[in-house]
Amino acid sequence: APIFSPNDRSNAPMLREKENSFLRKAEEDQIKNNEKLLHKYAIENIELKKQLENSSKLEVTIPDNVSPTSITKTTPTGNDLILYLSDMHIGATLTYGALYEENVNYDIAEVKRRLEQILLRLRSFSKFDNIIINLMGDNIDCCGADGRTARLDHYMPENMDARQQMNAYIEVMLWFIDTIIANDMCNNLKIYSVPCGNHDGNFGYAVSKALLAIINAKYPSVYTEMFEKFYGIYEHKDHKFVICHGKDAQHMKKGLPLNLDEKSKIMIYEWLDSMGIQGDNIHIVKGDLHSNNLNSCKKFDYRNVLSLFGASDYSNYNFSRNSY
């Protein structure tokens, strides 16, 4: 049982005394804290005054013999262009119910229209010394196996069969090359192509091989190279380029990522060392993900390039939406 009750009036004087003692103690503590703060602010004020006095004594001497450097204006020469044509997916279409439907009418006329926009843009520049075209894989949409991907894991909606895709790709790319040469857009033209598209596979390799052979027969001065491995390496001036679609056909469980993670960076570092690729200006360029992205590290830069077809539902859902 309690010794006293709050309602017991005999304990009221004791409770008031305790309350008064608590209030007196709180007031004393507040006064002490205020005195400490005032003392602190007084010291800071003295220090600030000293700093202002010292800064007012600083003298800045401006030399009178400083003059601008004369830089001779030069006319730029040797302008070069590197064009990445990746994931053209000729023959592909999107069915009703897709997340975005900007590619529903992606027929050969639309492919040609998009390539023509590139040509018009190139024509707005002065003549290039070199134009390098990199064909980055998945140029056509199927591998020739009844409209399935190269891994044969699913069927794809298409507006052309395999033979029509092959003929359309060769036709439109010959028109593209003919236009560059007929309009004298460059002094030298080089075309590189990589295999191992996850859609067109070996069929895409054969189609690109046929395209380059036709170009060589028609224009012997145009340099072409079809790389046999899933990647290709070439040098231009003091730059080294490694191009690929994004995944080999046999050993890699997953394709190279959109962003350069530590695992991929270490793997590429070790691979560059094994290939003897050293120095500055090393560029790793890939397609596959239909997305535009650039990462840099000390040894190289790592770039994903856009798709001429545009963003697929897969890339829209898993990465970010990009236009063609």
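Residues numbered from 1 in each chain as written. Predicted model: local features only at pLDDT ≥ 70, side-chain atom pairs only at ≥ 80, totals over all residues. Heavy atoms only, no water.

Enquirer: Would you explain the overall build of the chain in this entry?
Expert: Regarding its fold elements, the chain presents 6 helices and 9 strands. The 324 residues of the chain split such that 40% are buried. Put simply, 70% of the contacts in the chain that link residues at least 6 apart link residues at least 24 apart. (Helix = DSSP H or I, 4+ residues; strand = E, 2+ residues; numbered from the N terminus. Buried < 20%, exposed > 50% of the residue type's maximum accessible area, 1.4 Å probe, protein only. Contact = heavy atoms within 4.5 Å.)

Enquirer: Hey, could you run me through the pattern of salt bridges in this one?
Expert: Working definition: two side chains of opposite charge can pair if their charged atoms are close together. Across all of its chains, the model carries 8 salt bridges by this definition. Ionic pairing is found between Lys-237 and Asp-80, a salt bridge with its closest N-O pair at 2.7 Å. Here Lys-237, found in the loop between strand E5 (231–236) and strand E6 (239–244), pairs with Asp-80, found in strand E1 (residues 80–85); they are 157 residues apart in sequence, far enough to count as distant. Residue class for Lys-237 comes out exposed when judged on its relative accessible area of 53%. Where Arg-114 meets Glu-110, a salt bridge forms, and the shortest distance between an N and an O atom there is 2.7 Å. (Salt bridge = Lys/Arg side-chain N within 4 Å of Asp/Glu carboxyl O.)

Enquirer: Whenever I open this one, helix H5 (residues 262–275) confuses me. Can you help?
Expert: Structural remark: α-helix, 3.6 residues per turn; residues separated by three or four positions point the same way. Taking 1.5 Å of rise per residue, the 14 residues of H5 would be expected to cover 20 Å, and the 20 Å separating its terminal C-alpha atoms lies within 8% of that figure. Listing the buried residues of H5 in full gives Ser-264, Ile-268 and Leu-272. Buried residues of H5, seen end-on, are gathered within an arc of 70 degrees and therefore sit on one face of the element. Counted as exposed and oriented over 90 degrees from the buried face of H5: Glu-262, Lys-263, Glu-270 and Ser-274. Buried positions along H5 lie against strand E7 (282–286) and strand E9 (301–304). (Expected span 1.5 Å × (residues − 1). Arc of directions from axis to C-beta.)

Enquirer: Could you clarify how one ought to interpret the layout of surface pockets in this entry?
Expert: The method is simple in principle: a probe with the dimensions of a water molecule rolls over the atoms, and the space it marks as empty is what remains. Looking at the second largest pocket, its volume works out to about 550 Å³. Around the second largest pocket, the lining comprises 19 residues; the ones closest to its centre are Leu-83, Tyr-84, Leu-85, Ile-118 and Leu-306. Breaking the lining of the second largest pocket down by element, the ones donating at least two residues are E1 and helix H2 (108–123). Partitioned by chemical class, the residues of the lining of the second largest pocket number 12 nonpolar, 4 polar and 3 charged. (1 Å grid on protein atoms, 1.4 Å probe; cavity = no way out; pocket = protein on both sides within 12 Å on 5 of 7 lines; lining within 4 Å. Points joined across faces, edges and corners; volume = space filled by probe spheres on them. Nonpolar A, V, L, I, M, F, W, Y, C, P; charged D, E, K, R; others polar.)

Enquirer: When you look at the sheet that holds strand E4 (residues 223–226) in this model, what are you seeing that I'm missing?
Expert: Hydrogen bonds between backbone groups are what pair the strands of a sheet, and the pairing can be parallel or antiparallel. Read across the sheet, 4 strands follow the order E1-E2-E3-E4 without closing on themselves; strand pairing throughout is parallel. Where the open sheet ends on each side, the last strands, each with one partner, are E1 and E4. Averaged over all adjacent pairs, the angle separating strand axes in this sheet is 15 degrees, with direction ignored. Each of E1, strand E2 (128–135) and strand E3 (186–193) touches helix H3 (residues 162–182); the most contacted strand, E2, lies at about 170 degrees to it. (Pairing = 2+ DSSP bridges. Axes fitted to C-alpha atoms, helices over the stretch in contact; angles between N-to-C directions.)

Enquirer: So what exactly am I meant to see when it comes to the packing of aromatic side chains here?
Expert: Given two aromatic rings, one states the distance between the centres and the angle between the planes to describe the pair. Across all of its chains, the model carries 9 aromatic pairs by this definition. For the pair Tyr-192 and Tyr-223, a centre-to-centre distance of 5.9 Å together with 65 degrees between the ring planes defines the contact as edge-to-face. On the criterion of sequence distance, the pair formed by Tyr-192 in strand E3 and Tyr-223 in strand E4 is long-range, its members being 31 residues apart. Centre to centre, the rings of Tyr-192 and Phe-227 are 5.7 Å apart; their planes meet at 15 degrees, and the pair counts as stacked. (Phe/Tyr/Trp six-rings, centres within 6.5 Å; stacked < 30°, edge-to-face > 60°.)

Enquirer: Just checking my understanding: could you explain the sheet that holds E5 for this structure?
Expert: In spatial order, the strands read E5-E6-E7-E9-E8; together these 5 strands make up an open sheet with mixed pairing. Each edge of the sheet is formed by a strand with only one pairing partner; in this case those strands are E5 and strand E8 (293–296). Direction aside, the axes of adjacent strands within the sheet are offset by 20 degrees on average. Two strands pair when backbone bridges link them, and E7 and E9 are joined in this way by 4 bridges, in the parallel orientation. Bridge pairing links Ile-284 to Tyr-302 in E9.

Enquirer: In this structure, what is going on with the pairing of E5? I would like to understand it.
Expert: On a regular strand, one side chain projects to one face of the sheet and the next to the other, so that they alternate. Two elements, E5 and E6, share 6 bridges in a ladder whose sense is antiparallel. Bridging across to E6, Glu-235 finds its partner in Lys-240.

Enquirer: Would you take a moment to explain the nonpolar core for this structure?
Expert: Here is a general trend for soluble globular proteins: nonpolar side chains tend to be buried in one another's company. Within the largest apolar cluster, 40 residues are counted, with the highest numbers of intra-cluster contacts made by Ile-133, Tyr-169 and Phe-176. At the level of secondary structure, the elements contributing two or more residues to this core comprise E1, H2, E2, H3, E3 and helix H4 (201–218). Broken down by element, the residue count for this core peaks at 9 residues, all from H3. Apart from the residues within four sequence positions on either side, Tyr-169 is in contact with Met-88, Ile-90, Leu-135, Asn-139, Ile-140, Val-207, Ser-208 and Leu-211. (Core = buried A, V, L, I, M, F, W, Y, C linked by side-chain atoms within 4.5 Å.)

Enquirer: Honestly, the environment of Val-207 in this entry has me stumped. Any pointers?
Expert: Along the polypeptide, Val-207 turns up in helix H4. Placed 68 residues apart in sequence, Val-207 and Asn-139 show a C-alpha to C-alpha distance of 9.0 Å. Ignoring any residue separated from it by four or fewer positions in sequence, one finds Val-207 in contact with Ile-140, Met-166, Tyr-169 and Ile-170.

Enquirer: Sorry, what's going on with the side chain of Ser-291 here?
Expert: Positionally, Ser-291 belongs in the loop between E7 and E8. Taking the relative accessible area as the measure of exposure, Ser-291 reaches 1% and is therefore buried. A distance of 3.0 Å separates the side chain of Ser-291 from the backbone oxygen of Leu-289, its partner in a polar contact. (Polar contact = N/O pair within 3.5 Å; in protein donor to acceptor, adjacent residues only side chain to side chain.)

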